[in-house]
Structures are given as structure tokens and as C-alpha cells.
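Given next are the chains, with one letter for each unit.
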Amino acid sequence: MKKDLIFSFLKKICSAIFPVLLFTVPVLAQTKDKAEDWLNYNRTYEGDRYSPLKQITTANVSKLHLLHTFDLGKDVSSMQTGPVVVDGIMYFTTDTVTYAINATTGQFKWKRARPVSNPVGYGANHGVAYLEGRLFRGASDAHVFALNAADGKIVWDVPLDIAGPGVSIPMAPLAWNGMVFIGNAGGDNVGTPGHMYALDAKDGHTIWKFNTVPDSGPARETWPAAKDVPISGGAFWTAISLDTKNAVLYIPAGNPAPDFDVELRGNGEELYSNCVIALDTKTGRMLGYIQLVKNDNHDWDVDTAPVVITTKDGKQIIASANKNGLLSVLDRSAITNQPGAPDSASSLKLLYDVPTTVRENIDAPLSREKFVRFKPGTLGGNEWNGAAYHPGLDLIYTGTDDWATAAKLFPLDSARMVPAPGGYYFGGTMQFDPPSEARGWVTAFNAKDGSERWKYQSPAPILAGVTPTEGGLVFTAAQNGDVYGFDAQNGKLLWKTSTDLPNGGGVISYSVKGKQYIAVASGMKAPLWPKPSTASKIFIYGL
């Protein structure tokens, strides 16, 4: 009798618990953080770029040396890719090719070319997402496709419903809970607003779509020149982040266009361009937003992945480092994913802004008669790689560009002559300071209040990823070829080498069979940057 009662009790408990387990296990399986892997563009779904590996330390980093190099041969590209490492295999991209190599030896595994007859954009692709044996990426003809990670065979290939002139997909997607989150670029092009999609990971069909510029309603009314000027901007071209606990996606929407000509655009808010936006992952419903750059006339995109952080003292924040040369830290505690939560600007609040690079002449209006010089220039601040976070030290790190641009608006009559759909739409001409005057900064900020812990000036812009590790180090690379290893606490330069190539891609850390590695995607060929590379390579370092 007693056994029957116990059995009956256990049966009731199990019947109550098992449905919960059946619901939650798939999510937990997909979000498990394997320390040895670098699973996403920014390693974690939250985007903090923090590696919990600690074999390489402040005591032995001086012994770090080059082990292997993988040369892409004739495929010389922008090399802005953020490599992903899963179970000892590294995956990375160029505009038209996806690669897999052995992450310890650099040995070639496979590559899959997908040529594009009429490519759009600057020849950049930021990388793949990985989920359950498949890779997902975008292409410059506005397609998204999935590949088998084992052999590179294309599983499905779908065009987004906005494919057309000026639309491309260079951003690194995220794949989670059976969905692929990805958006389009082209915000500098005529008639190309941004859209974020959730695609089904099985076959690529669209689950939901979020329009950065809604078709109607209050946000659409903040584009006062829409009747005379094609709505352009608010697009996505770098990376995004995800709060897996609350199933909230955080996305950075870019600049409005014409980039420089606020007068032609009508001096409106132009929502939701230059915003950090929170979306419900299941429906695409907006949960909150904040516009970090208002009346943008410098091409200062809100462009990098917003880092989802819970600080040492338990604060729920977002770290957003962008082209305006500011680290903007936001309070996300009011963002909920409950039915009936308001779509409002009050859900994300600015806690503080701190400069990440030199800011000069930022408030001077642009002119139709003369060039006006400003810093950061149109190439950053932060470019495609954003902030990183070390949870043990409670420090936020940024790597930035310090390079001025001078811009001059077109005469008003010329400005009103809109280029053909998909054409570049800057609204003026620009001049850069000599490349010899370009510098970079690596800075550590206390997450609590934004106070500066340490700062390092590099002789060239820092465009590459910034990666803190449990071993007490911060790794990054500069455009002049330098690769750095800093003491994460005080900024002391403990290790330095060179790729002899411009560095603008991922700098990652991973482990295979108990050995930790550092890898750098190097050799950036890009029309907007001087001295384009003649080679693209992956460099693998170890002790």
C-alpha cells in the first residue's frame, strides 16, 4: 500500500515536470556554452566575446607564436569575417565563398563557392551562424542559404522578399531555437530600408519580418520628406545579439540616407534608424527601442551588436559602441517579453555615454559651400566590431578608429536629383585625412559607471574584434598588421606580433583537445580603406 502511494505520488510529479522538460531541453541544448568552441560571430549569443579559456595567461603569453597559416589564395576579399569554431573545425566566409578548415593545423577541409553575377555592397561578408550541423549565411544578391557543416553542400537557398537594387546581406546571422535571425544591408542606397527576419532553420521560410521603417503609423510619420525623397536607411550589416533567458533579440539599425543631407531628409526623427531595438524572438514584435544618434549628418550608424550584460552587481545592461565614437550603456531591466508589454522608447534607457575615440567638431553643421572636417569620420568610431565584456573584471572593452573625414553637401538643386534605385545616396562628397594620420584606441571601461580603467593608442585603426579571456588577457589586431595581447586589468602590452597584412576580421580564442589557440582573420581588401591587401589569410597562434 505504501509503495502504491509513493508510486502514485511520483507519477503525478513526473507528469507535471516532463512537459516542462520536453519544452525546455531543446532550448538548453542549443544555448549550452561550450568553453572550447567559438560558436557565434561574437562567441556567445549575448555578444560579449568573452572566452572562459585560461591556458594562455599573463605569465606565459610571451611564448605565444605562429603555428599555422591558411592562405585563401586568389580569393582576396574584405576579410571582415568573424570565424566560428565548432568541435575543432573553423568556418569563415568571403563574399562568395564559405570555408571549413582544421582549427588546429589550418588544413583545408572544404569550400563552397556561390558566385553572384551582380554583387551589391563593398564585397564584405561577416560570417556564418551554426546550429545542429548546419551553417547559415547571407549573400550580396539578398539571398540567405544553409550549408551542411560536414561537407559544405547547400541545403536550401532562399531570396528575401525585398531582393532588388541596393539590397545585400553581409551581416553575420544568429541561429537559435529553430530560427535564423538575419537582416538586409543597403541603408546608404536609394530606396533601401532595413528589415530583420526570422527564418525557419529547416527550410528557410519566413516566420516573421520586422520593418525598421514601418509602412504606416507614428514611426512612418517621423520621415517628413518621404513624399519627395525615397525612404532609405535603418539597415543591418554587422551582427546582432540575443538574450536567451528572456527570448529577446537586440538589433542595431543603421543610418538614414542621404547620409549627410539632413535638410533634404526633412529634419525628422526617422525612426527606427540609428536605434537599438528589442524584439520578441517568437513574433518579431517590438518590445522597446532607443535612438542613439539623432539627426545624423555624419554617417554615424548604430552599427555593432548590442552586448547583453548582467554586471557584477546584478544590473541588466546593454553596451552599444558605435560609429559616433561613444560607448552607450543602456538599462534593459524594463524589457519584458510578456503579453501586452508596450512598444515604447521608455523600455530602454540611457545610463551613460563615454567617448571611445577622439571626437572633434561634432556639432558643426555641414555646408554646401565648403568642406567641414569632423572626428570620428564616416569610417568610425567603432566599425563592424563592437564592445566586449569580461564578467570577472566587470570591464567593457572597445577597439576604435581615430580618423577624420571632411564632407561637403551637394548644391540643393543637385541634391534633389535622386540617383537610380539602389544607387549610393550620401548626399555629398567626402575627403579623408591622410592614412598616415589615422590611429586607433583600445579602451577598458568600468561597467558600473563608464569610468576609464586603461587606454592604449595604436599606430593604426582597430577594426578587428576585441576578445577578453579568463586567462587575464585581451587580444585584438590593428590595420597596420599588429596583433596585441594586453593584460586585461591594467592594459600592459604583454605580447605583440604582426600578420604583415591589414587586420579587420575576427580575433578569436578556442580550444581543441585541451590546447588553447588564438586565431586572426587578416588581409582586408576594401575600397574605403587605403593600401588594400594583396592576400587574405587565417593565422593560428598557440603556446
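Provided above is the structure to which this section pertains.
Let us look at the structure shown here. (Residues numbered from 1 in each chain as written. Predicted model: local features only at pLDDT ≥ 70, side-chain atom pairs only at ≥ 80, totals over all residues. Heavy atoms only, no water.)

Quick word on the nonpolar core
Thought 1: Membership of the largest hydrophobic core comes to 57 residues, with the highest contact counts inside it found for Met196 and Ile277.
Thought 2: Once residues within four sequence positions are removed from consideration, Ile277 is found in contact with Phe210, Leu249, Tyr250, Ile251, Ala253, Tyr272, Met286, Gly288 and Tyr289.
Thought 3: Membership of the second largest hydrophobic core comes to 22 residues, among which are Ile290, Val293, Phe374 and Ala407. (Core = buried A, V, L, I, M, F, W, Y, C linked by side-chain atoms within 4.5 Å. Buried < 20%, exposed > 50% of the residue type's maximum accessible area, 1.4 Å probe, protein only. Contact = heavy atoms within 4.5 Å.)

Quick word on the pairing of strand β8 (residues 143-148)
Thought 1: Counting buried positions along β8 yields five of six residues, so the element is predominantly enclosed.
Thought 2: Sheet analysis places strand β7 (residues 134-138) next to β8, joined by five bridges and oriented antiparallel. Its bridge partner being in β8, Gly138 is matched across the sheet by Val144.
Thought 3: Judged from the five bridges that link them, β8 and strand β9 (residues 154-159) form a sheet pairing that is antiparallel. Pairing of Leu147 across the sheet is with Ile154, part of β9. (Helix = DSSP H or I, 4+ residues; strand = E, 2+ residues; numbered from the N terminus. Pairing = 2+ DSSP bridges.)

Here's the deal with the sheet that holds strand β16 (residues 248-252)
Thought 1: Sheet architecture is open: four strands sit in the order β15-β16-β18-β19, paired in antiparallel fashion. Each end of this open sheet is capped by a strand with a single partner; those strands are β15 (241-243) and β19 (286-291). In this sheet, adjacent strand axes meet at a mean angle of 20° when their direction is disregarded. (Axes fitted to C-alpha atoms, helices over the stretch in contact; angles between N-to-C directions.)

Describing the side chain of Asp433
Thought 1: Looking at where Asp433 falls in the secondary structure, it is placed in the loop between β28 (428-432) and β29 (439-446).
Thought 2: For Asp433, a relative accessible area of 13% gives the class buried.
Thought 3: What Asp433 contacts, discounting residues up to four positions off in sequence, is Arg373, Trp403 and Ala404.

A word on unusual backbone geometry
Thought 1: A cis geometry characterises the amide bond from Ala257 onward to Pro258, with omega recorded as 5°.
Thought 2: Take Pro258: it is sitting in the loop between β17 (256-257) and α2 (262-265).
Thought 3: Here the bond from Leu271 into Tyr272 is cis, since omega is 10°, no more than 30 degrees from zero.
Thought 4: Mapped onto the secondary structure, Tyr272 falls in the loop between α2 and β18 (275-280).
Thought 5: One non-glycine residue, Arg49, adopts positive backbone phi at about 65°.
Thought 6: Turning to its location among the elements, Arg49 is positioned in the loop between α1 (2-31) and β1 (65-71).

Such coordinate-based values are descriptive only and should not be taken to indicate function.
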